[in-house]
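This is what each chain is made of:
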Amino acid sequence: MSKDPKRMTNTRHRPDENFEPYEPHRRIPWPLIAFAGALGLWGAATLLDSRQDVAAEQAERLVADNLKTGQNSEPGSTLFAARCATCHQPDGMGVRAAIPPLSGSPFVAQGPELIAKILLRGIDGPIRVNNHVFDGHMPSFASTLTDSEIGELASHVARHFGESSQTLSATEVASLRGPAGEDSSFKGGAEIAATSGFSLGDQPAFVSVSAGSLAPEISSLVFSGRGEQWACASCHGDLGQGKETTPRLAGLPADYIVKQLDDFAQGRRLNESMRMVVNTLSDSEKRKLAEYYADLRVPSNARPELGGNLARGEELALRGDWSRNVPSCFSCHGPSGFGVAPEFPALAAQHAAYTTNQLSAWAGGHRKNSSLALMERISSELGDADRRAVADYLASLPPVPAGTSEKTASIGDQP
Amino acid sequence: MNRYLPLSILALAILAFATLLLVIAPGIQISRHAAPPGLKPYTEQELRGRDVYVSLGCVYCHSQQPRSPDQAPDGVRGWGRPAIAADYTYDAPHQLGTMRTGPDLLNVGARLPSRDWHLAHLYQPRAIFDWSIMPSYPFLFQRKDSAGPEDVAVSMPAAFAPESGVIVAKQDALDLVAYLLSLDRTYPAPANALRDDGYSQPVEP
Amino acid sequence: MMVMGLLLALSFVVSLLALAFLIWAISNRQIALDEQAAKVIFSAGEEGKLDSPDKEFADDRRHYFDIAASGIDRISGRPVAVLLIAATFWLVLGSVFGVIASLKLHWPDWLSAYAPLTFGRVRTLHLNLVIYGWLSQMGIASMIWILPRIFRTPLRSPQLTVVGAIIWNIAVALGALAIARGWTDGEEWLEIPWQLDMLLAFAGVFFIVPLIRTTSAREVHHIYVSGWYFLAGILWFPCLFVIANLPVIHSGVEEATVNWWFAHNVLGLWLTPIGVGTAYYFIPKIIGKPVYSYSVSLLGFWGLALFYSQVGIHHLIGGPVPTWVVTLSVVHSVMMFIPVIAVAINQHVLVGRNLWALKESLPLRFISFGAVMYTMASFQGSIEALRSVNTVVHFTHYTVGHAHLGAYAFVSIVMFGAAYHMLPRMTGRAFQWPALINAHFWLIVVGFAIYFFSLSIGGVLQGLAMLDATRPFSESVTVTLPYLEARSLGGTLMTLGHIIFAINVASILVPRRVSAIVSMEPAE
């Protein structure tokens, strides 16, 4: 249709209305044929190539599966070096006045079964090993080691540091586990001696420190919420264990929790939901909630889930990476990542997604509550891969043992 | 071309070939994988809630298929491990989604297991996230003068609360939230799981 | 896995060889036959008013046919008009729903009190109305116009097509009501409940039968390229539609592969044939000269069939489907360069050599613009399917922009052009206000440019924000807001263009009181 009717009469082109389209016979231009051939080759090569990726990923999933089910267990010596040596030392001599020795210990001499029980339940309370009394906390590995790993480890320790030649199988370990998650810790060496009937030396009496009963208004905050403030447990779990990017609260230092709640309120730490929650909390409520969670002792439900390189993660946690000015995590966050109040939270058994999420938040500049901007700088130096590696490693660690805030990381007394 | 019948037959044969490759073969492969032990079938309430999810068209903004850490930081955002085919055994229709105007929801029940949070968020997303463009769903709730004994009340900050009375969740809202809370696929994936592994990268220090 | 990769590569190589052989075989037989074929019906004694300088075509009488004398358009006219009117109605309504959906993305509390207007339903209404209501019907109208012409014989059983149109529109209307009320099958492109889909499929039979009957009764030996696309399309679409909509048999991830096998093949094996077939007819028709080459059109058609049919799973890249089927779709998506370049050679070269035609013919402007957009959209799609690109743009608004580049800028705009070409010939009248056609054109071109560029840029920014773990998810939302607002502006301009289109359609279909039947301008 011409825009301008006048022009139509002058137009030079008046194609015939009766022309019907057809296709003339001309060759396909050779560049098109060449291009088609090249693409065809590329396509065939790509299709052939894709099988390698699948094999690699399946191998990774196999490893993750085995970590969970414990079908391939490393030798006891490797497990010891990875899990125990940082506290008990590679030679099993312990740390004077802080961590009991394994070498020559009457507990170890009793054989792998007692060792396995200790690994499963942990110890809270004073314990005498030979001439020294120690009053720290042995964590429970029930939720971080599989039955076959505990069997391997216990057998190794009994053999290497004791005189035993027994080995403990995975099924035997399984039978030692109590109902899931309800194994409470040994109340010091006294309970071990009493329940096992072994002669373990003169064990100090266990003085129970009452944790103080939970005030009903705090319990109500935790489990029922109040108005727009949703119950803590509704997101963080009835046991304070958390999941994915909702953190585990159980075992975090009380002062640290209080500081975080204040930081949410002030916007130094950004989380829209937490901001709504802290709006209506008084300072005394914050303190009491923090103490509740600090004293909670629950198994870990965290595990490596981001495909991070666990060996690299362990290296970062224990030794850091000084080529990038990254100190080891434990140098501030405490041995085994159990935390140091109020600045340094427990990292052990924290969910990998949460840890990486927070590290990324520091690197991205939208979490700004670390003293001296330490975490901002450390996290920026770590790349995505390292953040995932260290988060996965930390998730694999045993959870913080219980105890009131004052009693964590205290030093033992001489008898 | 001059002959209609061969043209038609060939065209349909090509489509059949494509169907074999894109639908039948993967379908057979997928059907050989049983539901993982960690995956439970939906309860009746969760199924009702899923119907609400489908009928409101949540899938047009929310995906349900977290990707591999080798490809994208979906796991870091708390969206969960890479999804595998068997995760969707009980899903009909699938709600895999193709848009992330909002976050992936396959594991929302793991990272946000709070019923009350979800009720508040559905009623008015901007009460929690001021940057959110998610629609509000006031028609899933009703205003009442006071909450009855069976009612689930939703508290709103003053700016979004009604002049008087309380907001109470209707059954659809409760069912929908039950479905959302059931979205937890964090159990481990078996080694031979089916998913697109084309982004695989070697684990390097 | 090794066996799988090898098998895939082999089947792919076999497809390529088959394609090459096919083209060679058919080309060779064709050449022989054509030289012998002298049987073409044309009216005795009619001479073309040709004064084209191209001598090559001046004396070739085989390609001239007096349509008007044959009465073909008179018979096709009624079904085409019915379909066109219905399609235009759904276009306007569907566009309005599209604008509402777009506005809701940055005014989230607007109209939020009513469940039928929630974003998840309005967006679905938009998609289903424009695909099933507007494009499908307009496409069938185009087939009803073109196929009898290229076969030089009137449409058989035209009344059946009108019955089909009535049933189809009832089904679409019922489908819309269902979706508004939340009764949906829950998958993209398949939302209309299967119970109502049966009505659509039933209506489809009423379109297919007349077209096949016309084909069987054709007076020419050779099927022109538009015919291949249309005839294949009307077989492909029902198969896709029925299989994908079958209740009960699909579930889980297998249902997702069916979903995307369907949705992408609707684009490639239904809408693309509609658009490409229409452009293949009207571009040379309006210009008065043929497309470039028969062999190239063969490559384009069979390449589309072979490659396009297997690209569907590129919607699930990185998803919970076996790796091999994703890689297969990625490879085939890239292979699509070949048929798309072939079609581009045939269509764009012809226009490029005859730019005068764009100045003189408004319908050609629409159609050629649309044809170029097909090339652009396909290139973009091939690139978007590469895993590295897909990681950035998957799940973002970028894909929405791409979808509209194909379904709107290509197919819909070609359909507008076709409508503007057919209407004067159907009615024997001229458009009263040609300026409105121009206004329509510029509104949709400018509107779509805003739409496409804003979503593409916004989508990439959104994707990059999501990929950066150090940026919170909220940033992927806030960074796209200005682009979503721009998209609303673009979409509004497009909708205004559609309203003008509707006015134009109405103005020419309604007989004027003063008898102003202008003699039709040739080749407009």
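Residues numbered from 1 in each chain as written. Chains lettered and ligands numbered in written order. Predicted model: local features only at pLDDT ≥ 70, side-chain atom pairs only at ≥ 80, totals over all residues.

### Some points on the overall build of chain B
Working step 1: The helix and strand inventory of chain B stands at five helices and three strands.
Working step 2: Secondary structure elements in chain B, listed N-terminal to C-terminal, are α-α-α-α-β-β-β-α.
Working step 3: Here the C-alpha atoms of chain B give a radius of gyration of 22 Å, more than 25% beyond the 17 Å that 2.2 N^0.38 yields for 205 residues.
Working step 4: C-alpha atoms of chain B, sized along the principal axes, occupy 75 × 55 × 35 Å.
Working step 5: The proportion of buried residues among the 205 residues of chain B is 57%.
Working step 6: By sequence separation, contacts in chain B at least 24 residues apart represent 74% of the contacts at least 6 residues apart. (Helix = DSSP H or I, 4+ residues; strand = E, 2+ residues; numbered from the N terminus. Rg over C-alpha atoms; globule rule 2.2 N^0.38 Å. Buried ≥ 20, exposed ≤ 12 C-beta atoms within 10 Å, placed from the backbone. Contact = placed C-beta atoms within 7 Å.)

### Some thoughts on the overall build of chain C
Working step 1: Across its full length, chain C holds 19 helices and zero strands.
Working step 2: Split into buried and exposed, the 524 residues of chain C put 60% on the buried side.
Working step 3: Contacts in chain C between residues far apart in sequence, at least 24 positions, make up 84% of those at least 6 positions apart.

### Here we look at the interface of chain C and chain A
Working step 1: Contacts between the two partners involve 72 residues from chain C, matched on the other side by 41 residues from chain A.
Working step 2: Element by element, the count of residues in the side of chain C that touches chain A is highest for helix H1 (residues 2-36) of chain C, at 10 residues.
Working step 3: Of the residues assigned to the side of chain C that touches chain A, the class counts are 49 nonpolar, 13 polar and 10 charged. (Nonpolar A, V, L, I, M, F, W, Y, C, P; charged D, E, K, R; others polar.)

### Digging into the packing of helix H18 (residues 352-364) of chain A against helix H19 (residues 374-381) of chain A
Residues and elements named next belong to chain A.
Working step 1: At a minimum axis distance of 7 Å, the contact between H18 and H19 shows a crossing angle of 100°. By the angle between their directions, the pair H18 and H19 is classed as roughly perpendicular. Where H18 abuts H19, its residues Leu359, Trp362 and Ala363 lie against Met375, Glu376, Ser379 and Ser380.
Working step 2: Split by residue class, the contact of H18 with H19 holds four nonpolar, two polar and one charged. (Axes fitted to C-alpha atoms, helices over the stretch in contact; angles between N-to-C directions. Parallel < 35°, antiparallel > 145°, perpendicular 65-115°, else oblique.)

### What about the interface of chain C and chain B?
Working step 1: Counting residues at the interface gives 71 residues for chain C and 63 residues for chain B.
Working step 2: Top element by residues in the side of chain C that touches chain B is helix H9 (residues 252-287) of chain C. It accounts for eight residues.
Working step 3: Looking at the side of chain C that touches chain B residue by residue, the class counts come to 35 nonpolar, 26 polar and 10 charged.

### Overview of helix H10 (residues 294-308) of chain C
Count 3.6 residues to each turn of an α-helix, and residues three or four apart come out pointing the same way.
Working step 1: Taking 1.5 Å per residue, 15 residues should reach 21 Å; H10(C) reaches 20 Å between its end C-alpha atoms and fits that length.
Working step 2: Extensive coverage of H10(C) is indicated by the burial of 15 of its 15 residues. (Expected span 1.5 Å × (residues − 1).)

### Focus on the packing of helix H2 (residues 44-56) of chain B against helix H5 (residues 171-182) of chain B
Residues and elements named next belong to chain B.
Working step 1: Taken N-terminus to C-terminus, the directions of H2 and H5 make an angle of 100°; their axes are 7 Å apart at the nearest point. Taken together, the axes of H2 and H5 lie roughly perpendicular to each other. Within the contact between the two elements, H2 uses Gln45, Glu46, Arg48, Gly49, Arg50, Val52 and Tyr53 and H5 uses Asp172, Asp175, Leu176, Val177, Ala178, Tyr179 and Ser182.

### Quick look at the nonpolar core
Working step 1: Counting residues in each nonpolar core, the largest one holds 276 residues, and the members touching the most others are Ile257(A), Ile283(C) and Val414(C).
Working step 2: Once you skip the residues sitting within four places of it in the chain, Val414(C) turns out to touch Gly275(C), Thr278(C), Ala279(C), Phe366(C), Ile367(C), Gly370(C) and Ala371(C). (Core = buried A, V, L, I, M, F, W, Y, C linked by C-beta atoms within 7 Å.)

### What about the sheet that holds strand E2 (residues 153-154) of chain B?
Residues and elements named next belong to chain B.
Working step 1: Within the open sheet, the three strands sit side by side as E1-E3-E2. Their pairing is antiparallel. Edge positions in the open sheet fall to strand E1 (141-144) and E2, since each of these has one partner strand only.
Working step 2: Taken together, the four bridges between E1 and strand E3 (residues 166-169) define a ladder with antiparallel strand orientation. Note on E3: the bridge partner recorded for Gln142 is Val168. (Pairing = 2+ DSSP bridges.)

### As for unusual backbone geometry
Excluding glycine, residues mostly carry a negative phi; peptide bonds, for their part, are mostly trans.
Working step 1: That bond from Ala92(B) to Pro93(B) is cis: its omega, -5°, falls within 30 degrees of zero.
Working step 2: Summarising the element assignment, Pro93(B) is placed in the loop between H2 and helix H3 (108-111).
Working step 3: Here the phi dihedral of Leu111(C) falls at roughly 55°; this positive angle occurs in a residue that is not glycine.
Working step 4: By the element assignment, Leu111(C) lies in the loop between helix H4 (72-106) and helix H5 (119-151).
Working step 5: Phi at Trp189(C) is positive, roughly 75°, even though this residue is not glycine.
Working step 6: Following the sequence through the fold, Trp189(C) ends up in the loop between helix H6 (158-180) and helix H7 (194-216).

### Considering the environment of Gly151(A)
Working step 1: Here Gly151(A) shows up in helix H8 (residues 147-161).
Working step 2: Leaving out residues up to four positions away in the same chain, Gly151(A) has contacts with Ala116(A), Leu168(A), Ser169(A), Ala170(A), Glu172(A) and Val173(A).

### Thoughts on H7(C)
Working step 1: Spanning 23 residues, H7(C) covers 32 Å between terminal C-alpha atoms, matching the ideal 33 Å at 1.5 Å per step.
Working step 2: Taken as a whole, H7(C) has its buried residues at Leu196(C), Asp197(C), Leu200(C), Ala203(C), Gly204(C), Phe207(C), Pro210(C), Leu211(C), Thr214(C) and Thr215(C).

### Details of the environment of Leu394(A)
Residue and element names in this part refer to chain A.
Working step 1: Along the chain, Leu394 turns up in helix H20 (residues 384-395).
Working step 2: The spacing of Leu394 and Gly111 is 283 residues in sequence and 30 Å in space, taken between C-alpha atoms.
Working step 3: Ignoring any residue separated from it by four or fewer positions in sequence, one finds Leu394 in contact with Ala317, Gly337, Leu347, Ala348, Gln350 and Thr355.

### Quick word on the confidence of the model for chain C
Working step 1: Put simply, chain C has an average pLDDT of 89, and 89% of its residues get 70 or more.
Working step 2: Across residues 515-523 of chain C, confidence stays below pLDDT 50; counting only partners more than four residues off in sequence or on other chains, it has 19 contacts. (pLDDT = per-residue confidence, 0-100.)

### Concerning the environment of Ile28(A)
Working step 1: Along the chain, Ile28(A) falls in the loop between helix H1 (5-8) and helix H2 (30-49).
Working step 2: For Ile28(A), a count of 20 C-beta atoms within 10 Å translates into the label buried.
Working step 3: Considered as a pair, Ile28(A) and Val63(A) are 35 residues apart in the sequence and their alpha carbons are 54 Å apart.
Working step 4: Setting aside chain neighbours within four positions, we find Ile28(A) in contact with Ile33(A), Ser293(C), Ser295(C), Val296(C) and Leu299(C).

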